[in-house]
Amino acid sequence: MRIILVRHGLSEANISKFYSLEDTILHESGFSVLNNTRRNLEKYDIDEVYVSELKRSQQTAERLGYTDYIIDSRINELDFGEFKGKFFDDIRASEIEFIEKQKKDLFNLRYPGGESINDVIKRTSEFFEEKSRNNKNILCISHGMAIKSSLFWLLKDKENWERFWLENGSITVFRIEEDRKIIESVNLL
């Protein structure tokens with residue numbers, strides 16, 4: 001079985017560099033990448049499609065040709081709490097104390113009114129652990145931090161957290177066989 005993850009297409013927030021809101025939409029400049037993603041997905045026999053609760057993942061599913069999907073909040077993006085809708089540069093300038101704390105405790109520090117990275121790793125791990133027992137090929141259309149967190153469901157070594165970057169529209173694939181979990185590809189475009 002395979003778990004195939006796709007990061008949502010390029011969004012308005014990605015372009016404008018702000019923390020996304022629940023209703024942030026895709027930007028048309030990223031549609032060509034999603035056309036490539038769609039072609040790359042053709043080689044997989046997909047039994048079920050899961051998307052996050054966030055609009056951009058659902059729009060991505062539909063652009064990829066999947067309209068029959070299941071919404072699951074466990075593959076939502078990290079909840080940035082009070083930072084949602086604010087520009088990255090403004091947060092770096094105004095939330096200096098938070099940024100300094102984050103440098104010291106990246107995984108446990110919760111965003112004000114939101115989650116920590118460990119929270120996302122826990123909820124995505126629960127989702128993938130459950131789905132890995134079903135012996136179905138599943139496609140999950142999700143978000144950068146959620147997909148990055150899923151890598152650590154397998155790796156367990158958070159030391160390399162900052163060494164991964166996932167492009168919008170990229171594909172990451174896990175193969176599960178006889179209780180072995182294998183990273184087959186990361187960031188395929």
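Preceding this section is the structure that the text describes.
Only a predicted model underlies this, so the values are computations on that prediction, with no experimental measurement involved. (Residues numbered from 1 in each chain as written. Predicted model: local features only at pLDDT ≥ 70, side-chain atom pairs only at ≥ 80, totals over all residues. Heavy atoms only, no water.)

### Focus: the pattern of salt bridges
Link 1 in the chain: By the definition in use, this model includes 16 salt bridges.
Link 2 in the chain: Among the ionic pairs, Arg2 bridges to Glu184, the shortest N-O distance being 3.0 Å. Of this pair, Arg2 sits in strand β1 (residues 2-7) while Glu184 is found in strand β6 (residues 180-188), placing the two residues 182 residues apart along the sequence.
Link 3 in the chain: The closest approach of N and O atoms between Glu48 and Lys136, which form a salt bridge, is 2.9 Å. In this pair, Glu48 is assigned in strand β2 (residues 48-51) and Lys136 in the loop between α6 (117-132) and β4 (138-142), connecting sequence segments 88 residues apart.
Link 4 in the chain: Using a relative accessible area of 34% as the deciding quantity, one classes Lys136 as partly exposed.
Link 5 in the chain: Linked by salt bridges that have partners in common, Arg2, Arg175, Glu177 and Glu184 make up one network. (Salt bridge = Lys/Arg side-chain N within 4 Å of Asp/Glu carboxyl O. Helix = DSSP H or I, 4+ residues; strand = E, 2+ residues; numbered from the N terminus. Buried < 20%, exposed > 50% of the residue type's maximum accessible area, 1.4 Å probe, protein only.)

### Topic: the side chain of His8
Link 1 in the chain: Following the sequence through the fold, His8 ends up in the loop between β1 and α1 (12-16).
Link 2 in the chain: Residue contacts for His8: discarding those within four places in its chain leaves Asn14, Leu26, Arg56, Ser57, Thr60, Ser142, His143, Asn168 and Gly169. (Contact = heavy atoms within 4.5 Å.)

### Looking at unusual backbone geometry
Link 1 in the chain: Although it is not a glycine, Lys17 adopts a positive phi angle of roughly 60°.
Link 2 in the chain: Positionally, Lys17 belongs in the loop between α1 and α2 (31-41).
Link 3 in the chain: Notably, Lys156 is not glycine yet its phi reads approximately 65°, a positive angle.
Link 4 in the chain: Take Lys156: its relative accessible area is 62%, and that puts it in the exposed class.

### A closer look at the layout of surface pockets
Link 1 in the chain: Quantified by volume, the largest pocket comes out at close to 1000 Å³.
Link 2 in the chain: Considering the residues around the largest pocket, the lining is formed by 38 residues, among which Tyr19, Glu77, Phe80, Phe88 and Met145 are closest to the centre.
Link 3 in the chain: Here the lining of the largest pocket gets four residues from one element, more than from any other, and that element is helix α5 (residues 96-104).
Link 4 in the chain: Looking at the lining of the largest pocket residue by residue, the classes come out as 18 nonpolar, seven polar and 13 charged. (1 Å grid on protein atoms, 1.4 Å probe; cavity = no way out; pocket = protein on both sides within 12 Å on 5 of 7 lines; lining within 4 Å. Points joined across faces, edges and corners; volume = space filled by probe spheres on them. Nonpolar A, V, L, I, M, F, W, Y, C, P; charged D, E, K, R; others polar.)

### Structural notes on the side chain of Ser11
Link 1 in the chain: Tracing the chain through its elements places Ser11 in the loop between β1 and α1.
Link 2 in the chain: Residue Ser11 is classed as buried on the basis of its relative accessible area, which comes to 0%.
Link 3 in the chain: Filtering out sequence-adjacent residues up to four positions away, Ser11 remains in contact with Ser20, Thr24, Ile25, Leu26, His27 and Arg56.

Everything listed here is a matter of coordinates, which is why it stays silent on function.
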